[in-house]
Amino acid sequence: MSDAKDGKKGNGKGKYRSSAWYGPADMGGFIHRSWMRNQGLPSHVFDGRPVIGICNTKSEFNPCNAHFDIIADHVKRGVWEAGGFPVDFPVMSLGEITFRPTAMLFRNLAAMEVEEAIRGQPIDGVVLLVGCDKTTPSLMMGAASCDLPALAISGGPMLNGRYKGERIGSGTHVWKFSEAVKAGKMTVEEFMNAEAAMSRSPGHCMTMGTASTMASMVEALGMGMPENAAIPAADSRRGTLAHMAGRRIVEMVHEDLKMSKILTRQAFENAIRLNGAIGGSTNAVIHLIALAGRVGVPLTLEDWDRLGGEVPTLVNLMPSGEYLMEDFYYAGGLPAVIRVLGEKGMLHKDALTVNGKSIWENSKDAAIYDDKVILPWDKPLTAKGGIAVLRGNLAPDGAVLKPSAASPDLMKHRGRAVVFETIEHYYERINDASLDIDETCVMVLKNCGPKGYPGMAEVGNMGLPEKLLKKGVTDMVRISDARMSGTAYGTVVLHVSPEAAAGGPLALVADGDMIELDVPGRRLHLDVAEAELAKRRQAWTPPAPPMAGGYQKLYYDHVLQADRGADLDFLVGSRGAAVPRESH
Ligand code: FES
């Protein structure tokens, strides 16, 4: 069967950028079409219709995204139906659990790959398949630097974990169970049995950890279809959403609805407020600042404190609360929370979203079906949610703390520092019976920031010493330049900037120094005389870079500090999607 007569080849000056590849009736056009046709494609798919790239982070090393080929198939159905031509392509998939030293080290590398993969190929609009923590920011950042029409589809959370009749949450219960084992309240056998009970379906972590937070941010920013955040991965409606998103991206190409038209200052402000209302992860601070940098929207730590701090945490999900993402979906999901914020005057209602409607049009009728999961405005989980930004001589460029995950009685605290120079030093020392530490001390961890670890690992919620756990201590003030898993909890000061490895004052803290934490006053103070600090600075030498060459050297030389989103300095901004030169 021949379909050659269907083909109407032109001069390559079609309506869309893909015409530069598939349009010309010359040798170049022949080459671009001919090789693609080995996949059984008829000639009419090259008739100038929009080519939709499906940026796929499927990887079996990244179990949170392992089901993405199924989602891609749903997207393809929608794209075909709307008259587009879908092409699925793989990009680096950062599995939070697997990548070492830490997936965050490679967020910017993946973003760089995504940017070049979109720009270098015949793509008119792109669907970003995101899920596990770093896959969402890396794909959004890379795509933003190209600025084509784009929308993101999250893979969806796992179904609720369940063990011995109780809900158990990804990550959150790993910390809880391992502390219970150390405290002698759980056997190792029980601990092992809980593994499969926690992760019992496809999908990403189902607590309000970083993946669920970022899936919510996708929806809050207007970059995802309504309900993107919470539909479980195993629910057939996740496939329906992907199908409709496939239809919609074709229309977005026709409308030339680029990312920069959606990622406005208003969109980021909406996202910050919604992060407060959902009790979202501190990691969102870094990722959204980095994303804003890609589209030229000024966003600072102060914006997080000012906008998010006035929003009560309404979503009662672990790690701060009791429930899980599956419950959140049944309770009304993010549209219901958006509706509440809109009614309270805390939403830019006309912010545009990928479906062509405003965020308010999408959410104004959303109902709450369970007010134990989405709490009433006057009975929140925390009256002032969001992220507290601390400053002082210990963090001149800022540090963050998540009040909803912290202990109220530690929000104002003065204590003696117990210092760990590196994460290895912490592991060596923490359970040493002779370690001079009690529950009033402040645990300080250095050299775990963007340069120091390298990659700013999620080790800031360092576990408490076994001897204190056995005494029944459940929280202590902890301070570091590291990040914390969104599934973790505690009175944990994170992202101290500048970090120790960059010569920040954190590098100068010594055992026995007194430290004052004042969250209401937004202050973090090292109570040591200036002259003494100057003496210590003289004696300080920077740690060696992690590697002499390769990506890790590039990263070390160019990574920005946490308060600026930890992007690479030369990746900030948009470079557009101008079609690269023809090679044939
Ligand atoms: Fe992938 Fe938590 S490990 S989302």
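Attention in this report is confined to the structure presented alongside it. (Residues numbered from 1 in each chain as written. Predicted model: local features only at pLDDT ≥ 70, side-chain atom pairs only at ≥ 80, totals over all residues. Heavy atoms only, no water.)

1. Section: the nonpolar core
Within the largest apolar cluster, 107 residues are counted, with the highest numbers of intra-cluster contacts made by Ile-153 and Phe-328. When sequence neighbours within four positions are dropped, the list of residues in contact with Ile-153 reads Ile-71, Val-75, Val-127, Leu-128, Leu-129, Val-130, Asn-228, Leu-241, Ala-242 and Ala-245. Leu-401, Val-477, Leu-506 and Leu-524 belong to the second largest nonpolar core, which has 29 residues in total. (Core = buried A, V, L, I, M, F, W, Y, C linked by side-chain atoms within 4.5 Å. Buried < 20%, exposed > 50% of the residue type's maximum accessible area, 1.4 Å probe, protein only. Contact = heavy atoms within 4.5 Å.)

2. A look at empty space enclosed by the protein
Within the structure shown, the criterion is met by 3 cavities of 30 Å³ or more. A volume near 50 Å³ is recorded for the largest cavity. Forming the boundary of the largest cavity are Glu-219, Gly-224, Met-225, Pro-226, Ile-338, Thr-353, Ile-359, Asn-362 and Ser-363. Broken down by class, the residue content of the lining of the largest cavity amounts to 4 nonpolar, 4 polar and 1 charged. (1 Å grid on protein atoms, 1.4 Å probe; cavity = no way out; pocket = protein on both sides within 12 Å on 5 of 7 lines; lining within 4 Å. Points joined across faces, edges and corners; volume = space filled by probe spheres on them. Nonpolar A, V, L, I, M, F, W, Y, C, P; charged D, E, K, R; others polar.)

3. Notes on the sheet that holds strand E2 (residues 85-90)
Within the open sheet, the 4 strands sit side by side as E2-E1-E3-E4. Their pairing is parallel. Each having just a single partner strand, E2 and strand E4 (150-154) make up the two edges of the open sheet. Ignoring which end each strand starts from, the neighbouring axes of this sheet average 20° apart. Strand direction decides the pairing type here: strand E3 (residues 125-130) and E4, joined by 5 bridges, are parallel. Following the sheet pairing, Val-130 is matched in E4 by Ser-154. Along the sheet face, helix H5 (residues 135-146) touches strand E1 (51-56), E3 and E4 and points at about 165° away from the line of E3. (Pairing = 2+ DSSP bridges. Helix = DSSP H or I, 4+ residues; strand = E, 2+ residues; numbered from the N terminus. Axes fitted to C-alpha atoms, helices over the stretch in contact; angles between N-to-C directions.)

4. Topic: the pairing of strand E14 (residues 523-526)
Of the two faces of E14, only one is covered, namely that formed by Leu-524 and Leu-526; the face formed by Arg-523 and His-525 stays uncovered. As paired elements, strand E13 (residues 514-518) and E14 share 4 bridges and run antiparallel to each other. Across the sheet, Asp-518 pairs through a bridge with Arg-523, a residue of E14. Between E13 and the antiparallel strand that follows it, E14, lie 4 residues; Arg-522 among them carries a positive phi value of about 55°.

5. Description of the packing of aromatic side chains
In total, this model carries 11 aromatic pairs according to the counting rule given. Each member of the aromatic cluster is reached from another via a ring pair, and the members are Tyr-22, Phe-46, Trp-80 and Phe-85. Between Lys-176 and the ring centre of Tyr-489, over which it is positioned, the NZ or CZ distance is 5.4 Å. Above the face of the Tyr-556 ring, Lys-451 is positioned so that its terminal group lies 4.7 Å from the ring centre. (Phe/Tyr/Trp six-rings, centres within 6.5 Å; stacked < 30°, edge-to-face > 60°. Lys NZ or Arg CZ within 6 Å of the ring centre and 35° of its normal.)

6. Re the environment of Glu-195
Tracing the backbone through its elements, the reader meets Glu-195 in helix H7 (residues 188-198). Judged by its relative accessible area of 54%, Glu-195 is exposed. For Glu-195 and Tyr-163, which are 32 residues apart along the polypeptide, the C-alpha to C-alpha distance reads 9.3 Å.

7. Description of H7
Taken together, the buried positions of H7 are occupied by Ala-194, Ala-197 and Met-198. Buried residues along H7 cover an arc of 85° about the axis, so they all sit on one side. Turned more than 90 degrees from where H7 packs its buried face, Val-188, Glu-189, Glu-195 and Ala-196 sit exposed. Check the buried side of H7 and you find it contacts strand E5 (161-163), strand E6 (166-168) and helix H6 (172-182). (Arc of directions from axis to C-beta.)

8. Considerations on helix H9 (residues 236-255)
For H9, which comprises 20 residues, the first-to-last C-alpha distance of 29 Å matches the rise-based estimate of 28 Å (1.5 Å per residue) to within 8%. If you check which residues of H9 are buried, you get Arg-238, Gly-239, Leu-241, Ala-242, His-243, Ala-245, Gly-246, Arg-248, Ile-249, Val-250, Met-252 and Val-253. Buried residues belonging to H9 abut E1, helix H3 (68-81), E3, E4 and helix H10 (259-262). In the stretch just after H9, Asp-256 is the one whose phi turns positive, near 55°. (Expected span 1.5 Å × (residues − 1).)

9. Things to note about the packing of H5 against helix H12 (residues 283-294)
Where H5 contacts H12, the two axes come as close as 8 Å, and the packing angle between them is 10°. Overall, the two elements H5 and H12 adopt an arrangement that is roughly parallel. Both H5 and H12 take part in a crossing whose hand is right-handed. Packed against H5, whose contacting residues are Pro-137, Met-140, Met-141, Gly-142, Ala-144 and Ser-145, the element H12 presents His-287, Ala-290, Leu-291 and Arg-294 at the interface. Residues that form the contact of H5 with H12 fall into these classes: 6 nonpolar, 3 polar and 1 charged. (Parallel < 35°, antiparallel > 145°, perpendicular 65-115°, else oblique. Left-handed = near helix turned anticlockwise from the far one by under 90°.)

10. Some remarks on the side chain of His-243
Along the polypeptide, His-243 turns up in helix H9. Take His-243: its relative accessible area is 17%, and that puts it in the buried class. With residues near it in sequence (within four places) discarded, His-243 still touches His-74, Val-75, Arg-77, Gly-78 and Glu-81.

11. Thoughts on the pairing of E1
Most of E1 is tucked away: 6 of the 6 residues are buried. Residues Val-51, Gly-53 and Cys-55 of E1 are buried on one face, and the alternating residues Ile-52, Ile-54 and Asn-56, pointing to the opposite face, are buried as well. As judged from the 6 bridges shared by E1 and E2, these two strands associate in the parallel manner. In the sheet register, Cys-55 faces E2, and the bridge partner there is Phe-89. Between the parallel pair E1 and E2, the chain is carried across by H3, and the sense of this crossover is right-handed. Where E1 and E3 come together, 5 bridges link them in parallel fashion. Considered in E3, the bridge of Cys-55 is made with Leu-128. (Right-handed = clockwise from strand over helix to strand, strands pointing away.)

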